[in-house]
Amino acid sequence: MFQTYQARKLIRVIEAKYGHTQPWVILCEGANGWAEFVVKVFTESHLSEKPRVHGEFAGSWLATEFDLLTPEVAWVEFDQDFIQSLAPELEQKLDFHDDRLKFGSKALRNFQHFPPGLKHSQFKKYLPIDRLFAFDNFIRNPDRGSHKPNLLLTNSEAFLIDHEYALDIDSGSRWNIVGSRI
Ligand SMILES: Nc1ncnc2c1ncn2[C@@H]1O[C@H](COP(=O)(O)OP(=O)(O)O)[C@@H](O)[C@H]1O
Ligand SMILES: [Mg+2]
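So, here's what we can say about the structure.

Reading guide: rules and limits
- Each chain has its residues counted from 1, following the order in which its sequence is written.
- Chains carry letters and ligands carry numbers; both start at the beginning, A for chains and 1 for ligands, and go up in the order they are written.
- Local features in a predicted model are, by the rule used here, given only for residues with pLDDT of at least 70; side-chain atom pairs are given and counted only at 80 or more, and totals for whole chains, interfaces and linings are based on all residues.
- For side-chain calculations, the full set of non-hydrogen atoms in the structure is used, while hydrogens and water are omitted.
- Nitrogen, oxygen and sulfur within 2.8 Å of a metal are treated as its donors, or within 3.2 Å for sodium, potassium and calcium (Na, K, Ca); water is not counted, so a site can appear incomplete.
- Here a strand is any run of E in DSSP of at least two residues, a helix any run of H or I of at least four, and the numbering for each starts at the N terminus.
- Pairing between two strands is assigned when DSSP locates at least 2 bridges connecting them.
- In this analysis, axes come from line fits to C-alpha atoms, helices being fitted only over the stretch in contact, and the angle between any two N-to-C directions falls in the range 0 to 180 degrees.
- Here a residue-residue contact requires only that any non-hydrogen atoms of the pair lie within 4.5 Å.
- Think of it in three bands: residues with accessible area under 20% of the maximum for their type are buried, residues over 50% are exposed, and the middle band is partly exposed, with areas taken using a 1.4 Å probe on protein chains only.
- Residues enter a nonpolar core if they are buried and are Ala, Val, Leu, Ile, Met, Phe, Trp, Tyr or Cys, with the set joined through side-chain atoms within 4.5 Å.
- To pair, rings of Phe, Tyr and Trp, with the six-membered ring standing in for Trp, must have centres within 6.5 Å; the planes then decide the type, stacked if under 30 degrees apart, edge-to-face if over 60, and tilted in the middle.
- What makes a residue near a molecule or strand is one non-hydrogen atom of that residue sitting within 4 Å of it.
- Pairs of N or O atoms within 3.5 Å make up the polar contacts considered here, provided that, within protein, one atom can donate a hydrogen while the other can accept it, and that residues adjacent in sequence are counted only when both atoms are side-chain atoms.
- Three classes are used, and their members are as follows: Ala, Val, Leu, Ile, Met, Phe, Trp, Tyr, Cys and Pro are nonpolar, Asp, Glu, Lys and Arg are charged, and the others, Gly among them, are polar.

### Considering the coordination of the magnesium ion (ligand 2)
By definition of the ideal shapes, four donors in a tetrahedron about a metal sit 109.5 degrees apart, and six donors in an octahedron sit 90 or 180 degrees apart.
Part 1 of the argument: Coordination of the magnesium ion (ligand 2) by the protein is provided by Asn150 (OD1) and Asp162 (OD), with metal-donor distances spanning 2.1 to 2.3 Å. Here the residue Asn150 occupies a position in the loop between α6 (129–138) and β7 (151–153), and Asp162 occupies one in the segment after β8 (158–160), the gap between them amounting to twelve residues.

Now the structure itself:
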């Protein structure tokens, strides 16, 4: 269902002000050619807390079921050649015991981050907010608000990103409305 790409070259690390995980932008090679992916390099403690990679893939897939846009996502494999090409401080961020595939989303170009306070009349040109609200509640996504919209805007469209907190459902989850507090 999801393609697998090989990481070939690190382009840059995304600054912390745009997200706590500081994903890596990586040039990758797959069966359909080369593409840049934004890859989430979760630590072992990140992954033991929640099923973050599952949330990312399932959230992304379900977004399309709601006719909402999200970048194409794929598995990204870090092989030894790629790992050895990294600067030592980045190599240290990787857990050598964890050779699992990583979550990547195809890097969008020419986007802006959703600006908090955007008027509803403007916002609705980009996407239907009622459907976004329904989607975030369906996947139990608490990670979309005015502080962290996790929406990337192009000229006329909004792309949903970052579903790592989604689908973390327990017996207390059903009563709280989450997400879309923008
Ligand atoms: N597909 C993408 N294309 C371009 N930039 C992206 C993409 N995915 C994430 N980013 C950038 O990386 C930042 C952090 O990504 P995000 O998935 O929100 O991680 P975090 O969990 O750290 O918040 C985003 O705010 C955005 O700037
Ligand atoms: Mg985020």
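There is more to say after this.
### Thoughts on the sheet that holds strand β1 (residues 4–13)
Backbone hydrogen bonds hold the strands of a sheet together, and the pairing may be parallel or antiparallel.
Part 1 of the argument: Spatially, the five strands close up into a barrel ordered β1-β2-β3-β5-β4, and their pairing is mixed. Taken over all neighbouring pairs, the strand axes of this sheet differ in orientation by 50° on average, direction set aside.
Part 2 of the argument: Of the strands in this sheet, β3 (33–40), β4 (73–77) and β5 (102–106) touch helix α2 (residues 52–65), which is tilted by about 145° from β4.

### A few points about the environment of Leu69
Part 1 of the argument: Mapped onto the elements, Leu69 comes out in the loop between α2 and β4.
Part 2 of the argument: Since its relative accessible area comes to 35%, Leu69 is described here as partly exposed.
Part 3 of the argument: Note: C-alpha distance between Leu69 and Leu160 (91 residues apart in sequence) is 6.1 Å.
Part 4 of the argument: Not counting residues up to four positions away in its chain, the partners in contact with Leu69 are Glu157, Ala158, Phe159 and Leu160.

### Some remarks on the sheet that holds β7
Part 1 of the argument: Within the open sheet, the three strands sit side by side as β6-β7-β8. Their pairing is antiparallel. Because the sheet does not close on itself, it has two edges, and the strands there are β6 (112–113) and β8.

### Considerations on the environment of Pro128
Part 1 of the argument: Residue placement: Pro128 occurs in the loop between α5 (120–126) and α6.
Part 2 of the argument: Look at Pro128 and you get partly exposed, because its relative accessible area is 26%.
Part 3 of the argument: Taking the C-alpha atoms as reference points, Pro128 and Ala158, separated by 30 residues in sequence, lie 9.7 Å from one another.

### Some points on the nonpolar core
Part 1 of the argument: Core analysis: the biggest nonpolar cluster contains 17 residues, and Trp24, Ile26, Phe37, Val76, Phe78, Phe82 and Leu94 have the highest contact counts within it.
Part 2 of the argument: Of all elements in the fold, only β1, β2 (24–30), β3, β4 and α3 (80–84) reach the threshold of two or more residues within this core.
Part 3 of the argument: Other than its neighbours up to four places away in sequence, Phe37 contacts Tyr5, Trp24, Val25, Ile26, Cys28, Glu72, Ala74, Val76, Gly104, Ser105, Lys106 and Ala107.

### Looking at the packing of aromatic side chains
Part 1 of the argument: What the rule picks out here adds up to nine aromatic pairs.
Part 2 of the argument: Judged by centre distance (4.6 Å) and plane angle (55°), the rings of Tyr5 and Phe37 are tilted. Taken as a pair, Tyr5 in strand β1 and Phe37 in strand β3 lie far apart in primary sequence, 32 residues in all.
Part 3 of the argument: The exposure class of Tyr5 is buried, given its relative accessible area of 3%.

### So, the site of ligand 1
Part 1 of the argument: The local shell around ligand 1 holds 20 residues, among which Tyr18, Thr21, Lys40, Leu108 and Glu164 are the closest.
Part 2 of the argument: Here a nitrogen atom of ligand 1 sits 2.9 Å away from a polar atom, N or O, in the side chain of Ser105.
Part 3 of the argument: In this structure, Glu164 approaches ligand 1 through a side-chain N or O atom, which is 2.6 Å from an oxygen atom.
Part 4 of the argument: When residues of the shell around ligand 1 are traced back to their parent elements, those giving at least two are β3 and β5.
Part 5 of the argument: Taken together, the residues of the shell around ligand 1 break down into ten nonpolar, six polar and four charged.

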